[in-house]
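Each chain, letter by letter, is given below.
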Amino acid sequence: MRIAVLTGAGISAESGIRTFRATDGLWEEHRIEDVATPEGFRRDPILVHRFYNMRRADVARALPNEAHLALARLARHHDVTLITQNVDDLHERGGSGDVIHMHGSLAGATCAACGHRWQAPLAMSPVDPCPDCGKPEARPDIVWFGEIPYHMERIWAAVEGAELFAAIGTSGQVYPAAGLAQHARRRGVRTIELNLDRSAVSRDFDEHRIGPATRVVPEWVTQLCP
Ligand code: APR
């Protein structure tokens, strides 16, 4: 079966990575405008690098959980396109190949001046020169608010061409990711949501599995991979 899977912060929560919008989430402690916009980066690059350096350190300490592992198993039995909003590498470390990081990745650095990309060191700083143009404008290769997510053409095509669309651990509050379920459904693709609670776009799903990802994802995968 052709399956398009979209994951969000909830799939990594049980690996110890904080989500964004929970009561103890990242956006309770940090203002989105300060750390997740190009304007915030221009205003205070030291603060922004410090924020993502902490995220990179958190991810380096974390391990993939049963939900990440289950999705790798799913791809061994089905034609899976794995799309994630997450900037961690827990899908890859859980055994998934070809993960589409629509919001970029903590593992990447890019130059705000020339767009060159390279592998991010564990700790980045505003004086890091771009290896290509030499300007000290290195930034995390992360898609901030007001920027266009990566790989959208490939994502729309995978969702339209799927027989099943699954969203896992995402609150459905950030577009265009939040619009993928509606897009799938309008094209006759069956939709399923696996989440700790109902998301903001819950009505766009034919089926809901409510619970922690480490329980509901392996159960769902086992049903699809007898
Ligand atoms: N298992 C399953 N779902 C969970 C778990 C869990 N253990 N813990 C939390 N969740 C669910 C929450 O109920 C919530 O619906 O995961 C969702 C996390 O929502 P957000 O914090 O909003 O994260 P996400 O949807 O990935 O955010 C989207 O917003 O700030 C931006 O760029 C950032 O990619 C991110 C985007």
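What you see is a predicted model; the values in this text were computed from it and never measured. (Residues numbered from 1 in each chain as written. Predicted model: local features only at pLDDT ≥ 70, side-chain atom pairs only at ≥ 80, totals over all residues. Heavy atoms only, no water.)

Quick word on empty space enclosed by the protein
Short version of the rule: Definitions used for this entry: grid spacing 1 Å over protein atoms alone; cavity, a set of points where a 1.4 Å probe fits but cannot get out; pocket, an open set with protein on both sides within 12 Å along at least 5 of 7 lines; lining residue, one with an atom within 4 Å of a point. Grid points are joined across faces, edges and corners, and a volume is the space filled by probe spheres set on the points. Three categories are distinguished: nonpolar for Ala, Val, Leu, Ile, Met, Phe, Trp, Tyr, Cys and Pro, charged for Asp, Glu, Lys and Arg, and polar for the others, with Gly belonging to the last.
In this structure the tally under the stated criterion is one cavity of 30 Å³ or more. Lining the largest cavity, in full, are L6, F165, A167, T170, G172, A177, A178, A181, E193, S199, V201 and F205. Of the residues contributing to the lining of the largest cavity, the split by class is eight nonpolar, three polar and one charged.

Quick look at helix α6 (residues 66-77)
This is how the line gets drawn: Secondary structure elements are defined from DSSP: runs of H or I of at least 4 residues count as helices, runs of E of at least 2 residues count as strands, and each element is numbered from the N terminus. Residue count minus one, scaled by 1.5 Å, sets the expected span of a helix. Only protein chains enter the accessibility calculation, which uses a 1.4 Å probe; a residue is then buried when its area is under 20% of its type maximum, exposed when over 50%, and partly exposed in between. In what follows, a contact means two residues having at least one pair of non-hydrogen atoms within 4.5 Å. Counting of polar contacts relies on pairs of N or O atoms within 3.5 Å, with two restrictions inside protein: one atom must be capable of donating a hydrogen and the other of accepting it, and residues adjacent in sequence are counted only when both atoms are side-chain atoms.
If you check α6, its first and last C-alpha atoms are 17 Å apart, about what twelve residues at 1.5 Å a residue would give, namely 16 Å. Looking at α6, one finds that the buried residues are A67, H68, A70, L71, A72 and L74. Where α6 is buried, its residues meet β1 (2-7), α1 (10-13), β2 (79-84), α7 (90-93), β7 (164-168) and α10 (213-224). The N-cap of α6, judged by a side-chain oxygen 2.7 Å from the amide nitrogen of A67 a few residues on, is N65.

Some points on the site of the ligand
Note the cut-off: Only a single heavy atom is needed: when it lies within 4 Å of a molecule or strand, its residue is near that molecule or strand. Only the protein chains shown count as cover for residues, with accessible areas throughout obtained via the Shrake-Rupley method and a probe of 1.4 Å.
Neighbouring the ligand are 22 residues, the closest being A9, F20, R21, T170 and S171. A distance of 2.8 Å is found between a nitrogen atom of the ligand and a backbone nitrogen or oxygen belonging to A213. Taken by itself the ligand offers 730 Å² of open surface, and the protein chains cover 91% of this. A breakdown of the residues in the shell around the ligand according to their chemical character gives nine nonpolar, ten polar and three charged.

Observations concerning the pattern of salt bridges
Formally: Salt bridge criterion: a side-chain nitrogen from Lys or Arg within 4 Å of a carboxyl oxygen from Asp or Glu.
Following the criterion strictly, the structure yields 17 salt bridges and no others. Put simply, R215 and E219 hold a salt bridge, and the shortest N to O gap is 3.8 Å. Of this pair, R215 and E219 both sit in helix α10, separated by four residues, roughly a single helical turn. Residue classification places R215 among the partly exposed positions, given a relative accessible area of 40%. When salt bridges that share partners are traced, they join R31, E33, D34 and R43 into one network.

Let's talk about the nonpolar core
Applicable threshold: Among buried residues, the Ala, Val, Leu, Ile, Met, Phe, Trp, Tyr and Cys ones that are joined through side-chain atoms within 4.5 Å form a nonpolar core.
Grouped together as the largest cluster of nonpolar side chains are 21 residues, with contacts concentrated most on V5, L71, L74, I168, L194, V217 and W220. Elements that contribute at least two residues to this core include exactly β1, α6, β7, β8 (190-195) and α10. The greatest single-element share of this core, amounting to six residues, is contributed by α10. Non-local contacts of V5, meaning those with residues more than four positions away in its chain, are made with L71, L74, V80, T81, L82, I83, A166, I168 and W220.

With respect to the domain arrangement of the protein
Keep this limit in mind: Boundaries between domains were set according to an automatic or database domain assignment. What gets called buried area is simply the loss in accessible area from a 1.4 Å probe that two parts show on being joined, summed for both.
Each assigned domain of the protein is listed with its residue range as follows: domain 1 (1-17 + 64-103 + 149-226) and domain 2 (18-61 + 106-142). For domain 1 and domain 2, the distance between their C-alpha centres works out to 25 Å. Between domain 1 and domain 2, the residue contacts involve 14 residues of the former and eleven residues of the latter. Between domain 1 and domain 2, roughly 1,000 Å² of surface is buried when both sides are summed, and carbon and sulfur atoms account for 60% of that area. Contact with domain 2 buries surface across domain 1, with I17, V87 and Y150 losing the most and accounting together for 48% of the total. Seen at the junction of domain 1 and domain 2, the total is zero salt bridges. The tally of links between domain 1 and domain 2 comes to four residue pairs in polar contact (both at pLDDT 80 or more). Of the residues contributing to the side of domain 1 that touches domain 2, the split by class is six nonpolar, five polar and three charged.

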